[in-house]
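Read off the chains here:
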Amino acid sequence: MSPATLERLVLARASALIPVRTAASGAAGVQKVETGSAMIHRFDGALNPAICARLCALSHSRTEKPEGAADPAKLPWQDSDTFAFDHWEEGELRHLIGGYRLMVGQLICLAVREIVFPHFTDLVRWRPGKSMDEHKDDGYPGDDELMSCRHYSAVTYCNDNYSGGETFIRNEHGGYYVSAPRTGTLVFYPSDERATHGVKPVVGGDRVTLSTWFTRDVRHYRP
Ligand SMILES: O=C(O)CCC(=O)C(=O)O
Ligand SMILES: [Fe+2]
C-alpha cells in the first residue's frame, strides 16, 4: 500500500470520528476550551455528532425501562441504565469508539505528559432527576480494589437536549469548573482527590454520556 493510500485510509477513519472542517459542512473540528485549571481539560467537537446520535440510540435500545420507571435517587449503574463497552457487539460503532478511546488517551497524554491506557468504558443514560454527589473516581476504603487503577476520568457528552446535568469539578483554586454538556464535547480530569466532581440534576430529558477511565498501568489496559 502506498503511503498516500494509507494516509487517505487513516484520514477517512479520523474524519468519521472527528468533525473535519470543510466548506460544505462548516463543522468546527476539535477545539480546546480554556477551563481556568491546569488539571481540567475540555475539547469541544471531540466526537462527531453523527456518532453521538448513534450512541444515544444505542443507549436507549439497551436501557429499556419505561419512562418514569427509573429511581432518581439511584445512580444509573444501580438502575440498569448503563451499557459497558465490554459488552458491545462487534461492528462499526465498536470499532469507531475503540479508536476514539485511543484518541482520548492521546489527548490526555499530550495534556498531562503521561502515557495512559483506556480501562473501563461505559455508555450511561442519566434520566431526568438523576444527579451525582461530589466524589473521586479512584475508590474509597472498601471499594473494589480495581478502582485504584483509575488515574484520569474522561466524559464525552453524547447529547445536550436537556437542561442541568453539568459536571462540576473542583479545581486547584478552591472553586469549581462547571462543565456544561454540549454534544461531542470531551472533558477529562484526574480521578483522585485533586479533582472531586459530581453531576448536577438532569432536567427535562435524558442525558447520555460515554465515560472512560484511563490508567497509567498497562496491566489494566482494556482494548
Ligand atoms: O457524567 C459525568 O459528568 C460524570 C460522571 C461521574 O463522575 C462518574 O461516573 O463517576
Ligand atoms: Fe466520577
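These figures come from a predicted structure and were not determined experimentally. (Residues numbered from 1 in each chain as written. Chains lettered and ligands numbered in written order. Predicted model: local features only at pLDDT ≥ 70, side-chain atom pairs only at ≥ 80, totals over all residues.)

## Topic: the overall build of the protein
Turning to step 1, where the next piece is worked out: The number of helices and strands found in the protein is three helices and 13 strands.
Turning to step 2, where the next piece is worked out: When the 223 residues of the protein are sorted by exposure, 34% land in the buried category.
Turning to step 3, where the next piece is worked out: A separation threshold of at least 6 residues defines the contact pool for the protein, and within that pool the share at least 24 residues apart is 77%. (Helix = DSSP H or I, 4+ residues; strand = E, 2+ residues; numbered from the N terminus. Buried ≥ 20, exposed ≤ 12 C-beta atoms within 10 Å, placed from the backbone. Contact = placed C-beta atoms within 7 Å.)

## Let's talk about the confidence of the model for the protein
Turning to step 1, where the next piece is worked out: Averaged over all residues, the pLDDT of the protein equals 91, while 89% of them reach at least 70.
Turning to step 2, where the next piece is worked out: Reported for the predicted complex are a pTM of 0.90 and an ipTM of 0.99. (pLDDT = per-residue confidence, 0-100.)

## As for unusual backbone geometry
Turning to step 1, where the next piece is worked out: For S80, which is not a glycine, the phi torsion comes out positive at approximately 55°.
Turning to step 2, where the next piece is worked out: Relative to the elements of secondary structure, S80 occurs in the loop between α2 (49-62) and β3 (82-84).
Turning to step 3, where the next piece is worked out: Residue S80 is classed as partly exposed on the basis of its C-beta count, with 14 C-beta atoms lying within 10 Å.
Turning to step 4, where the next piece is worked out: A positive phi angle, close to 60°, is found at R113, a residue other than glycine.
Turning to step 5, where the next piece is worked out: With respect to the helices, strands and loops of the structure, R113 is situated in the loop between α3 (92-112) and β4 (117-126).

## Let's talk about the sheet that holds strand β11 (residues 197-199)
Turning to step 1, where the next piece is worked out: An order of β5-β11-β8-β9 is seen for the four strands of this open sheet, with the pairing classed as antiparallel. Both outer strands of the open sheet, β5 (132-135) and β9 (176-179), are each paired with one neighbouring strand and no more. With strand direction ignored, the average angle separating the axes of adjacent strands in the sheet is 15°.
Turning to step 2, where the next piece is worked out: As paired elements, strand β8 (residues 167-170) and β11 share three bridges and run antiparallel to each other. Following the sheet pairing, F168 is matched in β11 by G198. (Pairing = 2+ DSSP bridges. Axes fitted to C-alpha atoms, helices over the stretch in contact; angles between N-to-C directions.)

## Things to note about the site of ligand 1
Turning to step 1, where the next piece is worked out: Taken together, the residues surrounding ligand 1 are M132, D137, V155, T167, H197, V199, T209 and S211.
Turning to step 2, where the next piece is worked out: The set of elements that each furnish at least two residues to the shell around ligand 1 consists of β11 and β13 (207-215).
Turning to step 3, where the next piece is worked out: Split by residue class, the shell around ligand 1 holds three nonpolar, four polar and one charged. (Near = placed C-beta within 6 Å. Nonpolar A, V, L, I, M, F, W, Y, C, P; charged D, E, K, R; others polar.)

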